[in-house]
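Each chain, written out:
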Amino acid sequence: MNKDQLCRMLEHDQGLSCSVCKKESKKHWTNSDGLENDLTKVGDVEPEDSRGYDEYKERGSNPFSETAPLSLSYYPYNCSSVYKCGSCHAVILIYLETGGHGARYQARWAQSGLEITP
Ligand SMILES: [Zn+2]
């Protein structure tokens, strides 16, 4: 799923909170709380030019903040899958974090209005 396809999906997002996906608590990367089991996977992020484990830090942006762009060629977006909430149609990105102590899934709500870079 490339930038344009993702952009189109974000247009269907409804509301600022949701009792199913709890997107309001996932404006930045955080524990997925098992969403990878509850939501429908619609595809994988297709980066235009994958940068491996490089993180997007241009213009001083913190890749783990609420306002960080969806920088698809950079970590961890370049290894994320795209999930959709059946209730509010929000797009939630999920990846498997393998650093540190054991693997765990991390999730971020791909909020419409965020900058997306290919
Ligand atoms: Zn939802």
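For clarity, every value in this text was computed on a predicted model and none was experimentally measured.

Visitor: Go over the coordination of the zinc ion, please, and point to the residues and values.
Guide: Note on metal geometry: ideal angles are 109.5 degrees for four donors arranged tetrahedrally and 90 or 180 degrees for six donors arranged octahedrally. The protein atoms that coordinate the zinc ion are Cys 18 (SG), Cys 21 (SG), Cys 85 (SG) and Cys 88 (SG), at distances of 2.3 Å. Relative to the metal, the four donor atoms surrounding the zinc ion lie at angles of 106 to 114 degrees, and the coordination shape comes out tetrahedral. The sequence pattern describing where the donors of the zinc ion fall on their chain is C-x2-C-x63-C-x2-C. When its relative accessible area of 8% is taken as the criterion, Cys 18 is described as buried.

Visitor: Lay out the sheet that holds strand β6 (residues 104-109) with the relevant residues and their values.
Guide: Across the sheet, five strands lie side by side as β1-β6-β5-β4-β2; this open sheet has antiparallel pairing. This sheet does not close on itself; its edge strands, each paired only once, are β1 (30-31) and β2 (40-44).

Visitor: Could you give an account of the nonpolar core, naming the residues involved and the relevant values?
Guide: Counting residues in each nonpolar core, the largest one holds 17 residues, and the members touching the most others are Leu 70, Leu 72, Val 82, Val 91 and Leu 93. Those elements giving two or more residues to this core turn out to be α1 (3-10) and β5 (91-97). If sequence neighbours within four positions are ignored, Leu 72 has contacts with Asn 2, Lys 3, Leu 6, Val 45, Pro 47, Tyr 77, Asn 78, Ile 116, Thr 117 and Pro 118.

Visitor: An account of the packing of aromatic side chains is needed here, citing residue identities and associated values.
Guide: Under the defined criterion, the tally for this structure stands at five aromatic pairs. When the centroid spacing of 5.3 Å and the interplanar angle of 55 degrees are considered together, the rings of Trp 29 and Tyr 77 count as tilted. In this pair, Trp 29 is assigned in the loop between α1 and β1 and Tyr 77 in the loop between β3 (70-71) and β4 (81-84), connecting sequence segments 48 residues apart. Considered together, Trp 29 and Tyr 77 belong to a single accessibility category, that of buried residues. Seen in terms of ring centroids, Trp 29 and Tyr 95 are 4.9 Å apart; in terms of plane orientation they differ by 90 degrees. Their pairing is edge-to-face.

Visitor: Which residues make up the environment of Asn 37, and what values go with them?
Guide: Considering the arrangement of structural elements, one finds Asn 37 in helix α2 (residues 35-38). The exposed category is assigned to Asn 37, whose relative accessible area is 62%. Taking C-alpha positions, Asn 37 is 28 Å from Tyr 56, a pair spaced 19 residues apart along the chain.

Visitor: Summarise the side chain of Ser 81; cite the residues concerned and give the values.
Guide: In this structure, Ser 81 sits in strand β4. Side-chain polar atoms of Ser 81 contact the side chain of Asp 44, separated by 2.7 Å. Every residue in contact with Ser 81, bar those within four places of it in the chain, is listed here: Lys 41, Gly 43, Asp 44, Ile 92, Leu 93 and Ile 94.

Conventions and cut-offs
Every chain is numbered on its own, with residues counted from 1 as its sequence reads. Where totals are concerned, whole chains, interfaces and linings use all residues; where local detail is concerned, this predicted model gives features only for residues with pLDDT of at least 70, and gives and counts side-chain atom pairs only at 80 or more. The basis for the side-chain values is all heavy atoms of the structure; hydrogens and waters are excluded. Donor atoms: N, O and S within 2.8 Å of the metal, or within 3.2 Å for Na, K and Ca. Because water is excluded, sites can look incomplete. Note on geometry labels: four donors, all angles 85 to 135 degrees, give tetrahedral; four donors become square planar and six octahedral when opposite donors are over 155 degrees apart and every other angle is between 65 and 115; remaining cases are irregular. Only protein chains enter the accessibility calculation, which uses a 1.4 Å probe; a residue whose area is less than 20% of its type maximum is buried, one above 50% is exposed, and one in between is partly exposed. Paired strands, in this sense, are two strands between which DSSP finds at least two bridges. Here a strand is any run of E in DSSP of at least two residues, a helix any run of H or I of at least four, and the numbering for each starts at the N terminus. For the purposes of this section, nonpolar cores are sets of buried Ala, Val, Leu, Ile, Met, Phe, Trp, Tyr and Cys residues that join through side-chain atoms within 4.5 Å. Residue contacts are defined here by distance: any two heavy atoms, one from each residue, within 4.5 Å place the two residues in contact. Only Phe, Tyr and Trp rings are paired, with Trp represented by its six-membered ring, and only when their centres lie within 6.5 Å; those with planes under 30 degrees apart are stacked, over 60 edge-to-face, the remainder tilted. In protein, a polar contact means a hydrogen-donor-capable atom and an acceptor-capable atom, both N or O and within 3.5 Å, with residues adjacent in sequence counting only if both atoms are side-chain atoms; elsewhere, any N or O pair within 3.5 Å suffices.

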